[in-house]
Amino acid sequence: MRSLIPLSVATGRTKAACDPAPSRWRYRVVRWWLRPRVRLALTVVLPLALGAALFSDWAMRAETQTMLRDTMADLRDAVRARPEFVLTALTVTGGSAPLRAQIEETVSVGFPVSSLALDLDAVRARVADLSAVAWVRVRVTEEGLLSVQVRERRPEAILRHGDALFLIGGEGHRVARLASRAARPDLPLLAGTGATHAVPEALALMAQAAPVGPRIRGLVRVGARRWDLVLDRDQRIMLPARDPDAALRMALALHASEGLLDRDITHIDLRDPDRPVLRLGPDALTTRRSPPKPDAAVPAEET
């Protein structure tokens, strides 16, 4: 019989070589790899960082940036050129014909143009800067039109500035230039320094002076703080800076009871309501200074 020989002796392997226990370094590496943070850093963070570094190096090259700019420009032009984004004309609704013509000149857009290349906010700002425009809306319609809807300021008075005449709104905004006063006789005339800053007060005084409306020539702002109501026959009602409507009511009451404005008076100074002053005309002064006429002789009674 063959004698039984240990396998380790037959193969020439020692007991130490077949030990299944890992070495000390292998054990430490395995324990280190089992940490979640380590695996995340080596499998995710490190590849991403390496890829980002390589992409950054590629993107920073001059030829790469030129290629990217050209590609983006071609893509942008291709999108803008699509027919659904093309605007073919401008339509303006609201306002008078001169205002619509002024808006068309102000917008100054060359059609056809892509709506993506058009700054609607800038167009709206240019139209809103027009003095005659009170409200504006700019939008793109489904029919491929650039639509501008406006509401024109309503002229409430006429402003005389030097030799020029302007239509102004209720807040003092200039609406348009006026060729002559006779073109709008229905509107009051304002003049003087600071008149545009007190238009609401002037309109209220004009409404209050309606009983003598046909005689009113206008209102003059004096010293940018008070008004003079100018009538025909070179008459002026000088109103105070504070509470001018009360002073005007007093003047109108005197006219209603005494016919004050029908007399030969050039100025009614109400700047101090407690001490009104009247400035007489030249005819009234002559009449006052002339000696009284002698009384006519009384005829004798018949006997």
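The preceding data block contains the structure.
If you're wondering where the values come from, they're calculated on a predicted model, not measured in any experiment. (Residues numbered from 1 in each chain as written. Predicted model: local features only at pLDDT ≥ 70, side-chain atom pairs only at ≥ 80, totals over all residues. Heavy atoms only, no water.)

Got a minute to help me understand the pairing of strand 9 (residues 189–192) in this structure?
Within a regular strand, the side chains alternate between the two sheet faces. As paired elements, strand 6 (residues 157–161) and strand 9 share two bridges and run parallel to each other. Bridge pairing links Ile-158 to Leu-189 in strand 9. Two strands pair when backbone bridges link them, and strand 9 and strand 10 (residues 216–222) are joined in this way by three bridges, in the parallel orientation. When the sheet's bridge partners are listed, Gly-192 is paired in strand 10 with Arg-221. Handedness of the crossover is the feature at issue here: the chain leaves strand 9, passes through helix 7 (residues 199–208), returns alongside strand 10, and the resulting connection is left-handed. (Pairing = 2+ DSSP bridges. Helix = DSSP H or I, 4+ residues; strand = E, 2+ residues; numbered from the N terminus. Right-handed = clockwise from strand over helix to strand, strands pointing away.)

Hey, could you run me through a nonpolar patch on the surface in this one?
Side chains of Val-30, Trp-32, Trp-33, Leu-34, Leu-42 and Leu-46 sit close together on the surface and give an oily, nonpolar patch of about 580 Å² of accessible area. At the level of secondary structure, the elements contributing two or more residues to the nonpolar patch comprise helix 2 (24–33) and helix 3 (36–59). Take the nonpolar patch: its biggest share by element is three residues, from helix 2. For Leu-46, the location among the structural elements is in helix 3. (Patch = residues over 30% accessible without salt bridge, like charges linked within 9 Å, V, L, I, M, F, W, Y side chains within 5 Å. Areas by Shrake-Rupley, 256 points an atom, 1.4 Å probe, with all protein chains shown as cover. Salt bridge = Lys/Arg side-chain N within 4 Å of Asp/Glu carboxyl O.)

Can you help me understand helix 5 (residues 97–107) in this one?
What sets the pattern is the α-helix's 3.6 residues per turn: residues three or four places apart point alike. Taken as a whole, helix 5 has its buried residues at Leu-99, Ile-103, Thr-106 and Val-107. In an axial view of helix 5, the angular spread of the buried residues amounts to 90°, which keeps them on one side of the axis. Exposed side of helix 5, more than 90 degrees from the buried face: Pro-98 and Glu-105 are the residues found there. In this fold, the buried residues of helix 5 make contact with strand 2 (89–93), helix 6 (120–128), strand 4 (133–140) and strand 5 (145–152). Immediately beyond the C-terminal end of helix 5, within one or two residues, lies Ser-108, with a positive phi of roughly 45°. (Buried < 20%, exposed > 50% of the residue type's maximum accessible area, 1.4 Å probe, protein only. Arc of directions from axis to C-beta. Contact = heavy atoms within 4.5 Å.)

Honestly, unusual backbone geometry in this entry has me stumped. Any pointers?
Glycine aside, residues mostly have negative phi angles, and peptide bonds mostly take the trans form. Look at the link from Phe-111 to Pro-112: it is a cis peptide, with omega at 0°. Within the fold, Pro-112 resides in the loop between helix 5 and strand 3 (113–114). With phi around 55°, Ala-224 is a residue other than glycine that occupies positive phi space. Following the sequence through the fold, Ala-224 ends up in the loop between strand 10 and strand 11 (226–231).

Can you help me understand the side chain of Asp-228 in this one?
Turning to its location among the elements, Asp-228 is positioned in strand 11. Of the polar contacts made by the side chain of Asp-228, one reaches the side chain of Arg-236; its length is 3.1 Å. Residues in contact with Asp-228, not counting those within four places in the same chain, are Gly-218, Leu-219, Val-220, Val-222, Arg-236, Ile-237, Met-238 and Leu-239. (Polar contact = N/O pair within 3.5 Å; in protein donor to acceptor, adjacent residues only side chain to side chain.)

In this structure, what is going on with the pattern of salt bridges? I would like to understand it.
For the structure on display, the rule yields ten salt bridges. Between Arg-221 and Glu-201 there is a salt bridge, and its shortest N-O distance comes to 3.3 Å. Taken as a pair, Arg-221 in strand 10 and Glu-201 in helix 7 lie far apart in primary sequence, 20 residues in all. The exposure class assigned to Glu-201 is partly exposed, which follows from its relative accessible area of 30%.

What is the right way to look at the pairing of strand 6 in this model?
In this sheet, strand 7 (residues 164–168) lies alongside strand 6 in antiparallel orientation, the contact comprising five bridges. Counterpart to Ile-158 in the pairing with strand 7 is Leu-167. If you look at the hairpin formed by strand 6 and strand 7, you'll find two residues sitting between the two strands, and Gly-162 has a positive phi there, around 70°.

Explanation requested: the sheet that holds strand 7 in the structure shown.
Two strands in a sheet stick together by hydrogen bonds in their backbones, pointing the same way (parallel) or opposite ways (antiparallel). As summarised here, the arrangement of the nine strands in space is 8-7-6-9-10-11-12-13-14, forming an open sheet in which the pairing is mixed. Two strands lie at the open edges of the sheet, namely strand 8 (174–178) and strand 14 (277–280), each paired on one side alone. Strand after strand, the sheet turns through a mean of 25° between neighbouring axes, direction not considered. Direction of pairing for strand 7 relative to strand 8: antiparallel, over a ladder of four bridges. Within strand 8, the residue paired with Ile-168 across the bridge is Arg-174. (Axes fitted to C-alpha atoms, helices over the stretch in contact; angles between N-to-C directions.)

What am I meant to see in the packing of aromatic side chains here?
Each pair of aromatic rings is reported with the distance of its centres and the angle of its planes. Tallied over the entire structure, the rule returns one aromatic pair. Both rings, one in Phe-55 and one in Trp-58, keep their centres 5.6 Å apart while their planes meet at 45°; by these two values the pair is tilted. Of this pair, Phe-55 and Trp-58 both sit in helix 3, three residues apart, roughly one helical turn. The class of Phe-55 is exposed, set by a relative accessible area of 53%. A residue is classified by how much of its surface remains accessible, and Trp-58, at 35% relative accessible area, is partly exposed. Of note, Arg-28 hangs over the ring of Trp-25, and the distance from its end group to the ring centre comes to 5.5 Å. (Phe/Tyr/Trp six-rings, centres within 6.5 Å; stacked < 30°, edge-to-face > 60°. Lys NZ or Arg CZ within 6 Å of the ring centre and 35° of its normal.)

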